[in-house]
Structures are given as C-alpha cells and as structure tokens.
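# Topology and contacts: notes
The primary structure of each chain is shown beneath.
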Amino acid sequence: MAEFVTLELPEGQAARRVAVLRIARPPMNLLNVQLARELAEAAEAVAGDPGVAALVVYGDERVFSAGDDLTELSRFGADHAGAVAADLQRALGCLARTPQPTVAAISGYCLGGGLELALGADRRIVGDNVKLGLPQIKAGLIPLAGIRRLSLLIGAGPAKDLVYTGRFVEPDEARALGLVDEVVAPDDVYAAAMRWAHQFVDGPARALSAAKAVFEAGPHGLDRARTEWAALFLTEDRLIGTGSYLADGPGSAEFLGR
C-alpha cells in the first residue's frame, strides 16, 4: 500500500479514462527514496492498464514538490548513494516510460527532483505564481535524472545556466525557455491539465503510444519510427482510422483504443 501517492481512476461509463497520480507527502511533497519508488510503481500500473487514456500528475493547490529530501540525503554515504542511484534515476524518469500521454499540473513549487519528475511528462502546465528550478548545486549535488532531458528540451546553454546556478525560474521565463507549455491562473492548473488529458480519451491509443516511443528514442528515432509504424498495421484502430479518413475525412473516426 503506497504511503505517499494515490492513483485515482474516476468512475464512469467510458471505456478509457484519465487517471490522476497525486503526490501526497505534506507539507512540501519532498522527494525521498520511498516516494520515488511509489511514483514509479504507480506509473507502471498506469502503463499496464488499457483503461487509462492519459495521466495527470498533481501535488495539490499549494505545491507540486519542493524538491529533494535533504534530511534523508544527508545520511547517505557514498556506497549507499551508489546503491540507490540507478533506482532513483529510473523512478524520476517514470513518466517518460508511461506509454499514455502524461501532463504535470504544477502549483506552488516544483524544484529539484520534483522538476526532474515533471520533465518526463509530455506537457507541463503551471500556475502563474510557480517557482521552478534545479537547486541541487547549492547542496553540493547535481540533478540525478534531469540534466540530459532538460538539455534536450531547452538547449544546452540555458540548461547549463539553470543547473550551474541552481536559480529559480519564474513562469514567464519558463514559458519563453520552453521549460513549461502553458501558464494559467493558480486555481486553474488542475482543470487545465484535465482538459488537455481528456482529448485523448477517444484517441487511437496504440498510435499515441507509438508516437511517444519515437520521441523517447532520441537519436534512434528513425529506426524506432519504422518499427512502430509497421506495427500499427496490426491494430484495429489503424483499420478504423484509415477507413474513416477515406470515407468521411479526418476527425471522424471512432477509435477503440486497440
């Protein structure tokens, strides 16, 4: 039983729905080893559930995650840090491995490991009062999982600035950098994330998963695209989609999600 996360799948008649993964380690949702592992386990559950069309990741209206649990990290020796590093790194990248579209709904603070987690989402929606940053350098550390993804997202120069200085980023700058995708009023963060996620409820699940896999393949994207594209010819949604497109034009297909 998870202690620090909850996974919600709203009840309803729709075959596929939006799941909500909530971070719940008050007061600041600091990211420790247990929370990281619980996040990874919840993401794996979502990945294996054909009833989930998309995933919203949320803290609460006050904070997404204020960063790493330095009290826990201060007790680590080099051997223990080396033993948990791979697990932590993999856990912080769990949203990138989730085949469904994912969106981070970010309120308040999103720092350190919290931002590293959010970097793995397909979209980041923030309140206009949010503070973002990777301040690990100020504790004599570095981001464990976010440097490469941040560099790919906003470019090496801006990424180095954020990592080397550990400074906080305001919403307008974050939007200009491409660090976040949408800035809304604080009270609208969760609703905006749900609106984005719900557009995939009736979508072609296998094609969406294939597209995400190609994005994640990085330099091997062309090879992965060939494999994923060919595999889609085995899906029911491809038959439905191409037939509907030819008969009635784009946007008319009623996909089954398989």
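Up top is the structure.
Residues numbered from 1 in each chain as written. Predicted model: local features only at pLDDT ≥ 70, side-chain atom pairs only at ≥ 80, totals over all residues. Heavy atoms only, no water.

Attention now goes to the nonpolar core. Within the largest apolar cluster, 45 residues are counted, with the highest numbers of intra-cluster contacts made by L39, F64, I106, L117, L132, L150 and L179. Among the elements that make up this core, the one with the highest residue count is helix α1 (residues 33-47) (eight residues). Every residue in contact with L150, bar those within four places of it in the chain, is listed here: L119, L134, G155, A159, L162, V163 and L179. Membership of the second largest hydrophobic core comes to 18 residues, among which are V20, A193, M194 and V201. (Core = buried A, V, L, I, M, F, W, Y, C linked by side-chain atoms within 4.5 Å. Buried < 20%, exposed > 50% of the residue type's maximum accessible area, 1.4 Å probe, protein only. Helix = DSSP H or I, 4+ residues; strand = E, 2+ residues; numbered from the N terminus. Contact = heavy atoms within 4.5 Å.)

A few words on the packing of helix α10 (residues 205-216) against helix α11 (residues 221-231). Across the interface, α10 lies against α11 with an axial gap of 8 Å and an inter-helix angle of 165 degrees. Comparing the axis directions of α10 and α11 gives the class roughly antiparallel. By crossing handedness, the relation of α10 to α11 is classed as right-handed. Across the interface between the two elements, A210, A213 and V214 from α10 touch G221, R224, A225 and E228 from α11. (Axes fitted to C-alpha atoms, helices over the stretch in contact; angles between N-to-C directions. Parallel < 35°, antiparallel > 145°, perpendicular 65-115°, else oblique. Left-handed = near helix turned anticlockwise from the far one by under 90°.)

If you add up the space inside the largest pocket, you get close to 770 Å³. A96, L119, G120, R149 and E216 are the residues nearest the centre of the largest pocket, which is lined by 27 residues in total. Only α3 (78-92), α4 (94-97), α5 (113-119), α6 (147-154) and α10 provide two or more residues apiece to the lining of the largest pocket. Tallying contributions element by element places α10 first for the lining of the largest pocket, with five residues. Taken together, the residues that form the lining of the largest pocket break down as 14 nonpolar, four polar and nine charged. Roughly 430 Å³ of internal volume is contained in the second largest pocket. Looking at the lining of the second largest pocket, the elements that each hand over two or more residues are α2 (70-73) and α3. Per element, the largest residue contribution to the lining of the second largest pocket is five residues, and it comes from α3. By residue class, the composition of the lining of the second largest pocket is 14 nonpolar, three polar and three charged. (1 Å grid on protein atoms, 1.4 Å probe; cavity = no way out; pocket = protein on both sides within 12 Å on 5 of 7 lines; lining within 4 Å. Points joined across faces, edges and corners; volume = space filled by probe spheres on them. Nonpolar A, V, L, I, M, F, W, Y, C, P; charged D, E, K, R; others polar.)

Judged by pairing direction, the sheet is mixed, and its three strands sit side by side in the order β5-β7-β8 without closing on themselves. Both outer strands of the open sheet, β5 (109-111) and β8 (168-169), are each paired with one neighbouring strand and no more. Where strand β7 (residues 131-133) and β8 come together, two bridges link them in antiparallel fashion. By the bridge assignment, L132 is partnered in β8 with V169. (Pairing = 2+ DSSP bridges.)

We now examine α1. Here α1 contains 15 residues, and its C-alpha end-to-end distance of 21 Å stays within 8% of the 21 Å for a straight helix at 1.5 Å per residue. Here α1 has its buried residues at V33, L35, A36, E38, L39, A40, A42, A43 and V46. (Expected span 1.5 Å × (residues − 1).)

Scanning the model with the defined rule gives 13 salt bridges in all. Where R62 meets D60, a salt bridge forms, and the shortest distance between an N and an O atom there is 2.9 Å. For R62, a relative accessible area of 44% puts it in the partly exposed group. Owing to a relative accessible area of 17%, D60 belongs among the buried residues under this scheme. Among the salt bridges present, the one from R149 reaches E216, with a minimum N-O distance of 3.2 Å. Here R149, found in helix α6, pairs with E216, found in helix α10; they are 67 residues apart in sequence, far enough to count as distant. Residues participating in the shared-partner salt-bridge network are D161, R167 and E173. (Salt bridge = Lys/Arg side-chain N within 4 Å of Asp/Glu carboxyl O.)

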